Amino acid sequence: MKAFFTIESKGQTKATEVELKSLIVAGWAGRDMEAIEHHIQELEAIGVPRPSSVPLYYRIGSNQFTQEPVIQVVGPHSSGEIEALVFKVDGQLCISIASDHTDRKLESYSVALSKQVCAKPAAKDAWLYADVADHIDSLILRSWIIEDGERKLYQDGPMSTLRTPASLIEGYDGAFNEGTVMTCGTVGAIGGIRTSTVFEMELHDPVLKRSLRHRY
């Protein structure tokens with residue numbers, strides 16, 4: 001299948017087509033144990049068992065990748081979480097955003113299966129990783145949900161709490177070639193994990209004063 005990105009670098013944009021061959025979700029990707037433990041406890045609160053090791057890499061069917069504004073789910077128990085997304089184009093690493101949308105009810109039975117059954121919505125815009133590599137920890141992951149008819153901040157945290165995308169790629173035991181995309185971990189949910197029919201996400205760069213956004 002194909003993915004389409006508009007890649008920005010130093011004020012210039014380039015439309016690029018990526019032949020998607022492999023989708024990897026890097027889970028439990030916190031940089032320090034306190035951050036990892038917080039997310040583990042969030043998930044334990046809804047019945048999800050602790051991971052056997054961290055980080056873990058989940059191989060997801062590439063057909064679950066989507067850039068569409070609407071997805072379909074099995075039931076009312078799924079929710080999104082923003083993650084940085086990395087991929088290569090013409091030998092250059094790029095960064096965008098995606099949602100590791102997950103069936104929370106199934107997650108209590110099998111984390112791997114819960115991730116596999118849900119589409120992974122992604123943005124159509126991206127940046128060259130080289131342009132943010134020197135301030136990657138300053139980037140901010142944010143998301144919003146609709147709750148009781150109001151738009152509410154759901155996630156808000158710096159990437160300094162997570163392993164860098166470069167380190168996650170290095171730790172992956174498979175080949176990270178062109179055609180592979182990888183999500184790179186998330187930050188905690190404000191008020192706990194819960195569902196919403198709308199999920200909005202943003203990766204903000206306070207240094208270069210720009211953002212990547214997607215809503216589904």
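Refer to the structure presented above.
In this report, we go over the structure that sits alongside the text.

Rules behind the numbers
Residues numbered from 1 in each chain as written. Predicted model: local features only at pLDDT ≥ 70, side-chain atom pairs only at ≥ 80, totals over all residues. Heavy atoms only, no water. Pairing = 2+ DSSP bridges. Helix = DSSP H or I, 4+ residues; strand = E, 2+ residues; numbered from the N terminus. Axes fitted to C-alpha atoms, helices over the stretch in contact; angles between N-to-C directions. Phe/Tyr/Trp six-rings, centres within 6.5 Å; stacked < 30°, edge-to-face > 60°. Buried < 20%, exposed > 50% of the residue type's maximum accessible area, 1.4 Å probe, protein only. Lys NZ or Arg CZ within 6 Å of the ring centre and 35° of its normal. Contact = heavy atoms within 4.5 Å. 1 Å grid on protein atoms, 1.4 Å probe; cavity = no way out; pocket = protein on both sides within 12 Å on 5 of 7 lines; lining within 4 Å. Points joined across faces, edges and corners; volume = space filled by probe spheres on them. Polar contact = N/O pair within 3.5 Å; in protein donor to acceptor, adjacent residues only side chain to side chain.

### Focus on the sheet that holds strand β4 (residues 56-60)
Sheet strands line up and pair through hydrogen bonds in the backbone, either parallel or antiparallel.
Moving on, step 1. With mixed pairing, eight strands are arranged side by side in an open sheet as β2-β1-β11-β8-β7-β14-β3-β4. Looking along the sheet, the strands with just one partner apiece sit at the ends: β2 (12-19) and β4. Averaged over all adjacent pairs, the angle separating strand axes in this sheet is 30°, with direction ignored.
Moving on, step 2. Pairing between strand β8 (residues 92-99) and strand β11 (residues 125-128): two bridges, direction antiparallel. Considered in β11, the bridge of I95 is made with W127.

### Overview of the packing of aromatic side chains
Moving on, step 1. Counted under the stated rule, the structure contains five aromatic pairs.
Moving on, step 2. On the basis of an interplanar angle of 50° and a centroid distance of 5.5 Å, the ring pair of Y57 and Y172 is categorised as tilted. Residue Y57 is located in strand β4, and its partner Y172 is located in the loop between α4 (165-171) and β14 (180-183); the two are separated by 115 residues in the primary sequence. Here Y57 and Y172 have matching classes, each one buried.
Moving on, step 3. By way of ring pairs, the aromatic residues F5, F65 and F87 are connected into one cluster.
Moving on, step 4. The ring of Y58 has K115 lying over it, and the distance from NZ or CZ to the ring centre is 5.6 Å.
Moving on, step 5. In this arrangement the basic side chain of R151 is found over the ring face of W144, its NZ or CZ atom lying 4.3 Å from the centre.

### Description of the sheet that holds strand β15 (residues 199-205)
Moving on, step 1. Here we have four strands laid out as an open sheet, ordered β13-β12-β15-β16, and antiparallel in their pairing. The open sheet has two edge strands, β13 (150-158) and β16 (210-215), and neither has a second partner. Strand-to-strand, the axes of this sheet are offset by a mean angle of 20°, without reference to chain direction.
Moving on, step 2. Note that strand β12 (residues 140-147) and β15 share six bridges and pair antiparallel. Along β15, the bridge assignment pairs S143 with M201.

### Side note on the side chain of T183
Moving on, step 1. Considering the arrangement of structural elements, one finds T183 in strand β14.
Moving on, step 2. Contacts of T183, omitting those with residues within four sequence positions, involve I24, V25, A26, E83, A84, L85 and A98.

### Re the layout of surface pockets
Moving on, step 1. Size it by volume and the largest pocket reaches roughly 290 Å³.
Moving on, step 2. If you trace the largest pocket, you find 25 residues lining it, with W28, A29, H39, G185 and T186 closest to the centre.
Moving on, step 3. Elements with a contribution of two residues or more to the lining of the largest pocket: β3 (22-27), α1 (33-44), α2 (104-107) and α3 (111-116).
Moving on, step 4. Among the elements that take part in the lining of the largest pocket, α1 stands out by supplying five residues, more than any other.

### Notes on the environment of D100
Moving on, step 1. Looking at where D100 falls in the secondary structure, it is placed in the loop between β8 and β9 (102-103).
Moving on, step 2. For the pair formed by D100 and T197, sequence separation is 97 residues and the distance between their alpha carbons is 15 Å.
Moving on, step 3. Not counting the four nearest positions on each side in its chain, D100 is found in contact with V25, S79, E81, E83, K115 and K120.
Moving on, step 4. For D100, the side chain forms a polar contact with the side chain of K115, separated by 2.5 Å.

### Let's talk about unusual backbone geometry
With the exception of glycine, most residues fall at negative phi, and the peptide bonds are largely trans.
Moving on, step 1. In the Ramachandran plot, W28 falls in the positive-phi region, its phi being about 55° despite a non-glycine side chain.
Moving on, step 2. Residue placement: W28 occurs in the loop between β3 and α1.
Moving on, step 3. Despite not being glycine, D148 shows a phi value in the positive range, around 55°.
Moving on, step 4. Relative to the assigned elements, D148 resides in the loop between β12 and β13.

### Side note on the pairing of β3
Moving on, step 1. Across the six residues of β3, five count as buried, placing the element largely inside the fold.
Moving on, step 2. Alignment of β3 against β14, held across four bridges, turns out to be parallel. Bridging from a neighbouring strand, L23 pairs with V181 of β14.
Moving on, step 3. Bridge analysis of β3 against β4 gives five bridges, and the strand direction is antiparallel. Bridged to V25 within β4 is Y58.

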